[in-house]
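Examination of the molecular architecture
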Amino acid sequence: MSPPASHRRRSRLLSWPLLFVAILAVHSLAVYLFTRGFLLTRTELDLHSSRDDRPPQGDVPTGCASWPAPAVDRLVIIVLDALRFDFVAPSTIFPEKHPWMDKLQVLQKLAANEKTSARIFKALADPPTTSLQRLKALTTGGLPTFIDVGNSFGAPAIVEDNIMHQLVKNGKRIVMMGDDTWIQLYPEHFNKSFPYPSFNVKDLDTVDNGVIEHLLPSLHKNDWDVLIAHFLGVDHAGHIFGVDSTPMIQKLEQYNQILEGVIDTLRSLSKPGGTHENTLLLVMGDHGQTLNGDHGGGTAEEVETSLFAWSPKTPPDAVLSVLDDSSCNVDLHGKEVCISTMQQLDFAATISALLGIPFPFGSIGRVNPELYALSAGTWVNHRMGTDACTNDLEAWMMRYSEVLCVNCWQVKRYIDQYSATSVIGFPSEDLQHITNLYSRAQTNWSASLRTTCSSEMGSQEKLEGKGPVLRQQVDAYTDFLQTFAKLARSAWTEFDLWSMGIGLVLMILSVIIQACMLVKFNTICQSSDQKSASSSIIPKLAFAFALVAIRAASFLSNSYILAEGKVANFLLATSCITSAWHSMVKGKFSVENLVLLLLNISVRFGIEIGMSKQLPAPAITKDHSVGTICKIFGVNSCNILLEIFPIISLALVAYIILRCLSHAICQRFLKYFVLSGTLVSYVSIAFHWASETTLFSHTGIVQEFGRSLAPRLVYAIGGLSVAISALYRIFSLTDHLKMNKRITILSAVMLCSWSPTILMLLGRQAPFVALICMTGAWCIIKLQQKHQKESQLSVADPVSVIQWSLLAVCLFYLTGHWCTFDGLRYGAAFIGFDHFHIIRQGLLLSIDTFGVSHILPILSLPFIAMVWYSTTSKDNILNNTAQALLMYGLITAMTCTLTIICVNIQRRHLMVWGLFAPKYVFDAIGLLLTDLLICLASLYYR
């Protein structure tokens with residue numbers, strides 16, 4: 001005899017958590033395999049260049065059989081983190097002048113007045129533009145790899161050959177001060193170091209003040225050969241306040257004063273026999289930043305940074321024949337300033353040549369001719385004997401040709417070793433082309449060596465006579481180096497297509513199985529009199545997943561990825577209009593559809609404005625629409641409203657939540673605990689915001705409590721509430737309650753445990769986001785109730801679930817997040833804390849990133865899953881909740897699967913590492929987080 005239907009249903013209910021765990025396991029395996037194949041780092045060779053390395057006889061001519069001779073004695077590198085190109089270049093070369101321009105006047109004046117010894121470069125970085133990757137690329141001479149982004153919060157020591165290793169190995173003494181990332185990357189390379197913690201983005205001064213304390217005194221000492229000073233104030237000011245802000249301008253003005261002191265000190269000690277007679281100064285950025293202060297991607301603002309070079313010892317005037325004069329403009333003072341362009345990839349090779357150390361084994365850059373020529377030491381005639389040249393320019397060209405010859409041999413050596421040891425290597429036809437270019441360049445070199453200096457030719461004239469032969473030789477070497485760099489950029493990552501394929505197949509199979517199970521359980525769980533009515537759910541199911549497919553298919557375009565929030569908003573509006581039209585056809589127009597549509601319009605404007613992106617603080621950017629309103633009512637009045645209105649809105653949110661809680665929870669202890677905890681949390685949030693405003697005067701104790709203790713109190717209450725809600729679920733006897741009431745209590749307690757922490761991290765935009773979220777949720781829940789009452793089907797409406805999902809996506813972008821690493825709101829991780837701890841700050845950053853888009857939507861899913869008519873059994877309610885969770889997980893899995901397909905198709909796209917790969921990482925993490933939360937929710941609400 002078969003078991004009763006109720007027993008079969010109960011066994012299915014007990015199997016739901018196991019099903020969700022199985023789905024999580026399959027998705028984890030699929031994501032792991034695809035990630036392993038897609039985000040592999042390049043093969044790092046454990047080989048190092050040595051002073052004794054020599055090319056085999058016959059490989060290169062005798063003129064370049066050894067490493068270059070040193071051209072500078074000492075090197076000062078000042079790194080201004082996130083230094084935009086327009087921070088250094090004159091404003092006259094840009095279409096529009098902005099307040100942050102022309103603040104580093106000392107560099108512009110040097111470039112204008114000392115053209116033979118000072119130069120501004122536009123330095124082009126390779127994405128991703130996170131600090132760790134840029135420092136690693138600058139010192140190794142290689143290209144960054146995407147997977148290193150994950151190490152940005154805990155930088156591992158670099159074992160690949162690099163200029164720091166070569167400096168130490170060849171007896172050079174290094175002093176470092178500033179960003180402690182250098183110590184993490186190179187823990188045993190500095191003779192002296194003064195590191196300062198770098199991850200508190202709210203701290204604009206600690207690192208910079210530490211550098212200022214040690215920089216000028218160190219310039220007077222003789223205990224170093226290379227000095228590195230890494231400032232962080234501009235980077236942190238950008239993250240917190242944006243580029244167009246008063247703190248940013250103040251930082252740039254402070255840097256101008258510091259650089260004036262450095263240059264004056266170097267100049268005073270650069271006389272013959274002085275400490276800095278043959279010193280080279282480099283002021284540079286590791287990457288740029290957007291107007292919002294972000295970096296990590298591949299946009300022009302992020303990859304374009306600056307490098308300023310100055311030599312106190314002036315090279316001969318012939319250097320002007322080497323320097324590019326095609327990009328010269330008149331500055332604000334009417335003087336001509338010329339700008340050159342270089343690749344940051346060339347930094348390691350150029351520095352190695354200047355200091356006379358072996359090039360790092362894996363360096364693939366070219367010794368930049370203009371930066372190399374700015375050092376007066378490269379113009380010293382080192383060729384002796386009958387071939388000695390009297391012409392400065394030809395002598396320099398001969399020396400530079402020899403340097404490039406060694407440069408090319410080193411790169412060719414690396415290519416051969418990499419191709420021999422790497423699993424995949426480079427395509428054979430490309431390697432053959434590279435080999436041909438190298439052979440052609442070396443064949444021409446013999447003729448160049450026989451070149452004698454042209455007779456009686458002025459040193460400032462362009463090359464004549466034998467000069468063009470050297471120019472052709474330089475061009476041949478440059479062609480080889482640039483061609484390989486282009487090949488490396490386009491095909492560096494070794495995609496493991498088998499792992500990627502297996503991961504993709506697993507994702508597709510999981511989606512198919514989830515969809516089949518959803519349809520099957522929907523059919524099985526309907527009673528016989530409902531099965532005919534259940535056919536009406538099929539069109540809605542098809543429509544819901546058509547919206548998912550349309551959204552996911554847009555990921556094939558990098559433009560649509562950038563506009564993902566607008567796409568989700570458009571599809572949400574489409575679902576609202578379709579639902580409203582369907583209701584009007586039946587003659588039952590729902591006001592909730594209209595409210596949801598109007599709400600969606602406001603969300604659209606919120607996404608367009610980018611609330612937290614364009615309003616990084618109470619400051620208003622002039623291009624912002626709120627800024628236009630402030631011009632009408634007055635800036636002071638507008639700033640007062642911006643300070644006070646969030647607190648008033650928060651009070652409204654708290655009132656609504658407390659009223660709902662008082663009606664939702666019936667158990668006395670739980671009710672009073674949740675009510676009191678929620679009230680204290682919201683008061684603490686308001687107190688925190690009030691302590692940060694400039695409208696009130698605060699004592700030190702009050703300000704300390706508001707800025708540090710109040711956020712920590714909110715976090716502590718939230719954690720305690722989560723623990724108590726879990727214990728209540730385990731030990732409380734709630735069998736006497738109706739299932740709807742029981743799930744309502746559990747959902748309300750869990751949401752109230754998480755929401756204060758999320759609101760605290762979101763900042764002053766939080767009350768508006770909360771009101772939008774609650775209004776949207778109310779509309780969707782009311783529409784779901786009407787659907788269930790009309791159809792008498794105990795199943796969640798697929799359109800309601802997809803609307804819930806699309807609303808979550810809209811909230812993600814509404815709160816200023818983006819699916820790129822420069823879209824992470826790092827400042828949120830330090831609310832309530834001043835010091836960096838990787839677990840604590842990582843957890844807070846994760847909650848801020850995924851709070852409104854994953855945590856709250858999934859935990860509140862039972863509200864739209866509950867059946868509201870009284871004839872439904874307890875099993876049907878639980879089954880309906882599980883079906884809604886399965887449906888939501890399926891939507892996320894479909895989106896992630898199509899993202900994987902799009903990334904796989906576009907893996908050779910120009911923006912693959914700047915846009916497509918971050919999008920995949922965010923979607924993959926979001927999928928696993930969704931699966932995990934669904935597993936926990938299925939246990940919690942079971």
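In the nomenclature of an unreviewed UniProt entry, the chain is known as GPI ethanolamine phosphate transferase 3 of Urochloa decumbens. Of the comments in the UniProt record for the chain, the one headed Pathway (unreviewed entry) reads "Glycolipid biosynthesis; glycosylphosphatidylinositol-anchor biosynthesis." Looking at the chain in UniProt, the text filed under Subcellular location (unreviewed entry) is "Endoplasmic reticulum membrane".

In a beta sheet, neighbouring strands pair by backbone hydrogen bonds and run either parallel or antiparallel. Overall, mixed pairing links the 9 strands, which are arranged β4-β3-β5-β1-β6-β7-β2-β9-β8 in an open sheet. The sheet is open, and its two borders are formed by β4 (192-196) and β8 (328-330), each paired with just one other strand. Within the sheet, the average angular offset between the axes of one strand and its neighbour, ignoring direction, is 20°. The pairing of strand β1 (residues 74-80) with strand β5 (residues 226-231) spans 6 bridges and is parallel. Following the sheet pairing, Leu-75 is matched in β5 by Val-226.

Within the secondary structure layout, Pro-195 lies in strand β4. With 19 residues separating them in the primary sequence, Pro-195 and Met-176 have C-alpha atoms 7.5 Å apart. Once you skip the residues sitting within four places of it in the chain, Pro-195 turns out to touch Met-176, Gly-178, Asp-180 and Ile-183.

On to helix α3 (residues 105-113), then. The element α3 is extensively covered by neighbouring structure, given that 7 of its 9 residues are classed as buried. Among the residues making up α3, those that are buried are Gln-105, Val-106, Leu-107, Gln-108, Leu-110, Ala-111 and Ala-112. Those residues of α3 that are buried lie in contact with α2 (85-88), β2 (118-124), α9 (246-268), β6 (279-284), β7 (304-310) and β9 (336-343).

Okay, the packing of helix α8 (residues 233-241) against α9 next. The interhelical angle for the contact between α8 and α9, taken along N-to-C directions, is 170°, at an axis separation of 9 Å. Taken together, the axes of α8 and α9 are roughly antiparallel relative to one another. Here Gly-233, Val-234, Ala-237, Gly-238 and Phe-241 of α8 lie close against α9, whose contacting residues are Pro-247, Met-248, Lys-251, Leu-252 and Tyr-255. Along the lines of polarity and charge, the residues of the contact of α8 with α9 split into 7 nonpolar, 2 polar and 1 charged.

Turning to the packing of aromatic side chains, a few remarks are in order. All told, the structure shown has 19 aromatic pairs when counted by the stated rule. Ring geometry for Tyr-372 and Trp-396: centres 6.2 Å apart, planes at 50°, overall tilted. Here Tyr-372 is found in helix α12 (residues 369-373), whereas its partner Trp-396 is found in helix α13 (residues 392-421), with 24 residues between them in sequence. Centre to centre, the rings of Tyr-813 and Trp-818 are 5.8 Å apart; their planes meet at 75°, and the pair counts as edge-to-face. The exposure class assigned to Tyr-813 is buried, which follows from its relative accessible area of 2%. One aromatic cluster is present, built from ring pairs that chain together Tyr-372, Trp-379, Trp-396 and Tyr-400. Over the aromatic face of Phe-85 sits the side chain of Lys-122, whose NZ or CZ is 5.0 Å from the ring centroid. Across the ring face of Phe-555, the terminal group of Lys-919 is positioned such that the distance to the ring centre comes to 4.3 Å.

With that settled, the discussion passes to a nonpolar patch on the surface. Among the surface-exposed residues, Trp-581, Met-584, Val-585, Phe-589, Val-591, Leu-594, Leu-598, Ile-601 and Phe-605 lie close enough to one another that they form a single nonpolar patch of about 950 Å² accessible area. Of all elements in the fold, only α20 (564-585) and α21 (591-609) reach the threshold of two or more residues within the nonpolar patch. In terms of residue count, the dominant contributor to the nonpolar patch is α21 (5 residues). Position of Phe-605 relative to the elements: it lies in helix α21.

For the structure on display, the rule yields 17 salt bridges. Asp-205 is the salt-bridge partner of Lys-251, the closest N and O atoms lying 3.1 Å from each other. Placement of the pair is Lys-251 in helix α9 and Asp-205 in the loop between β4 and α7 (206-219), with a sequence separation of 46 residues. Asp-205 gets classed as partly exposed once you look at its relative accessible area, which sits at 38%. The closest approach of N and O atoms between Lys-919 and Glu-564, which form a salt bridge, is 2.8 Å. Taken together, the positions of Lys-919 in helix α33 (residues 912-940) and Glu-564 in helix α20 put the pair 355 residues apart, joining distant regions of the chain. There is no split in this pair, since Lys-919 and Glu-564 are both buried. Through salt bridges with shared partners, a single network forms among Arg-551, Glu-564, Lys-919 and Asp-923.

Further remarks concern the state of the cysteines. Inspection of every chain in the model, using the stated rule, returns 1 disulfide. Note that Cys-328 is cross-linked by a disulfide to Cys-338, the S-S spacing being 1.9 Å. The disulfide joining Cys-328 to Cys-338 has a torsion of about 100° about its S-S bond and is therefore right-handed. Pair noted here: Cys-328 is in strand β8 and Cys-338 is in strand β9, with a separation of 10 residues, a long-range link.

About the thresholds
Residues numbered from 1 in each chain as written. Predicted model: local features only at pLDDT ≥ 70, side-chain atom pairs only at ≥ 80, totals over all residues. Heavy atoms only, no water. UniProt positions renumbered as here; feature names shortened; annotations may be inferred. Pairing = 2+ DSSP bridges. Helix = DSSP H or I, 4+ residues; strand = E, 2+ residues; numbered from the N terminus. Axes fitted to C-alpha atoms, helices over the stretch in contact; angles between N-to-C directions. Contact = heavy atoms within 4.5 Å. Buried < 20%, exposed > 50% of the residue type's maximum accessible area, 1.4 Å probe, protein only. Parallel < 35°, antiparallel > 145°, perpendicular 65-115°, else oblique. Nonpolar A, V, L, I, M, F, W, Y, C, P; charged D, E, K, R; others polar. Phe/Tyr/Trp six-rings, centres within 6.5 Å; stacked < 30°, edge-to-face > 60°. Lys NZ or Arg CZ within 6 Å of the ring centre and 35° of its normal. Patch = residues over 30% accessible without salt bridge, like charges linked within 9 Å, V, L, I, M, F, W, Y side chains within 5 Å. Areas by Shrake-Rupley, 256 points an atom, 1.4 Å probe, with all protein chains shown as cover. Salt bridge = Lys/Arg side-chain N within 4 Å of Asp/Glu carboxyl O. Disulfide = S-S within 2.5 Å.

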